[in-house]
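# Secondary and tertiary structure notes
Here's the letter readout for the chains.
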Amino acid sequence: MELKYEGQKYYDLEISGFHRKLPIVQLNDELWIASFVMLGDVTLVNFCAGALATKLAGLKFDYLVGPEAKVIPLLHAMGTFLGHNSYIICRKQVKAYAENPVVLDVASITTREKQQLVLNGLDAEKIRGKKVVLLDDVVSTGGTFKSLEKLMDMAEAEVVGRAAVLKEGDNYDGEVIYLQDLPLFKK
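These notes cover the structure that comes with them. (Residues numbered from 1 in each chain as written. Predicted model: local features only at pLDDT ≥ 70, side-chain atom pairs only at ≥ 80, totals over all residues. Heavy atoms only, no water.)

## A short note on the sheet that holds strand 4 (residues 31–34)
For the record, the criterion: When DSSP locates at least two bridges between a pair of strands, those strands are taken to pair. Strands here mean DSSP runs of E at least two residues long; helices mean DSSP runs of H or I at least four residues long; both are numbered from the N terminus. To get an axis, a line is fitted to the C-alpha atoms, and for a helix only the part in contact is used. The angle between two axes follows their N-to-C directions and goes from 0 to 180 degrees. Between two residues, a contact is recorded if the distance between any of their heavy atoms is within 4.5 Å.
The strand order across the open sheet formed by five strands is 1-12-4-3-2, and the pairing between neighbours is mixed. One side of each edge strand has no neighbouring strand; the edge strands of this open sheet are strand 1 (2–4) and strand 2 (10–15). Each neighbouring strand pair of the sheet contributes to a mean axis angle of 30°, computed without reference to strand direction. Sheet topology places strand 4 next to strand 12 (residues 184–186); three bridges connect them, and they run antiparallel. Each bridged residue has a counterpart across the sheet, and for tryptophan 32 the counterpart in strand 12 is phenylalanine 185. Of the strands in this sheet, strand 2 and strand 3 (18–26) are in contact with helix 1 (residues 42–56), which crosses strand 3 at around 110°.

Have a look at this one:
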């Protein structure tokens, strides 16, 4: 979904009767987005986690998996709602405590520097042969999901679902469980 950008400062997001006013930020000369940040908003995280958990309740899987850092509180809350005692976080760099990490080099449209997606070897062992659901806050192009899927292949885990709070624009054509559409804004 795209809307015309005409100088608006905010976008009013509504998810099943729950409201947040999102600032609209410019990415380049032709594109603006409504900035959705869950970090620090306990009420928003819990509402979205509960709503997504309801949508995932019939799906059989062993672990929720997501990238650091913005999705961590969502992973935690959804684990609580779904009765899962643990979840898996894919880091953006190798940490000193990582044992035998599984590393994938990735490109990001929002970061200029080379990035990595890293799965601690101990977590890779946990999910080997297991069913996982990938989780993110917003899916736009699907690049994060594609990178996570490659990392899960490397760890020999089976991706059985993808979920996000919001689906932004119309550039992602894969399967995803989500709560609400989020528009892109163009001149």
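## Brief notes about helix 4 (residues 143–154)
Our working definition: In a helix, the anticipated span is given by 1.5 Å times the number of residues less one. Whether a residue is buried, partly exposed or exposed follows from its accessible area with a 1.4 Å probe, protein chains only, as a fraction of its type maximum: under 20%, in between, or over 50%, in that order. Comment: arc refers to directions from the helix axis out to C-beta atoms.
Between its first and last C-alpha atoms helix 4 spans 17 Å; for 12 residues at 1.5 Å apiece the expected length is 16 Å, and the two agree. Restricting attention to buried positions, one finds in helix 4 the residues Phe145, Ser147, Leu148, Leu151 and Met152. Angularly, the buried residues of helix 4 cover 160° about the axis, an arc narrow enough to put them on a single face. Of the exposed residues in helix 4, the ones pointing more than 90 degrees away from its buried face are Lys146, Lys150 and Asp153. Glutamate 156 sits one or two positions beyond helix 4 and adopts a positive phi of about 60°.

## Here we look at the side chain of serine 147
Note on placement: serine 147 falls in helix 4. Overall, the relative accessible area of 15% leaves serine 147 in the buried class. With sequence-adjacent residues up to four places away left out, serine 147 is seen in contact with Leu104, Val106 and Leu117.

## Here we look at the nonpolar core
Put simply, the test is: Buried Ala, Val, Leu, Ile, Met, Phe, Trp, Tyr and Cys residues form a nonpolar core when they are joined through side-chain atoms within 4.5 Å.
Judged by nonpolar contacts, the single largest core of 34 residues is most densely connected at Phe36, Leu74 and Val165. Elements represented by at least two residues in this core include exactly strand 2, strand 3, strand 4, helix 1, helix 2 (72–82), strand 9 (131–139), strand 10 (158–168) and strand 11 (177–182). The biggest single contributor to this core is helix 1, with six residues. Beyond its immediate sequence surroundings of up to four residues, phenylalanine 36 is in contact with Leu13, Leu22, Leu44, Lys70, Asp137, Val138, Val165 and Leu166. Counting residues in each nonpolar core, the second largest holds 23 residues, with Leu119, Leu148, Leu151 and Val176 among its members.

## Structural notes on the packing of aromatic side chains
For the record, the criterion: The rule is short: rings of Phe, Tyr and Trp, with Trp giving its six-membered ring, pair when the centres are within 6.5 Å, and they are stacked under 30 degrees, edge-to-face over 60, tilted in between. Counting as a charge over the ring demands two things of the Lys NZ or Arg CZ atom: a distance within 6 Å of the ring centre and an angle within 35 degrees of the ring normal.
By the definition in use, this model includes four aromatic pairs. Taken together, a centroid distance of 4.6 Å and an interplanar angle of 15° make the contact between phenylalanine 18 and phenylalanine 47 stacked. One end of the pair, phenylalanine 18, is in strand 3; the other, phenylalanine 47, is in helix 1, with 29 residues separating them in the sequence. Across from the ring centre of tyrosine 10, 5.2 Å away, lies the NZ or CZ of lysine 21, which sits over that ring.

## Overview of the side chain of serine 140
Our working rule: Side-chain atoms alone can form a polar contact between residues adjacent in sequence; in general such a contact is a pair of N or O atoms within 3.5 Å, and within protein one must be able to donate a hydrogen while the other accepts it.
By the element assignment, serine 140 lies in the loop between strand 9 and helix 4. A distance of 3.2 Å separates the side chain of serine 140 from the side chain of glutamate 168, its partner in a polar contact. Not counting the four nearest positions on each side in its chain, serine 140 is found in contact with Glu168, Asn171 and Tyr172.

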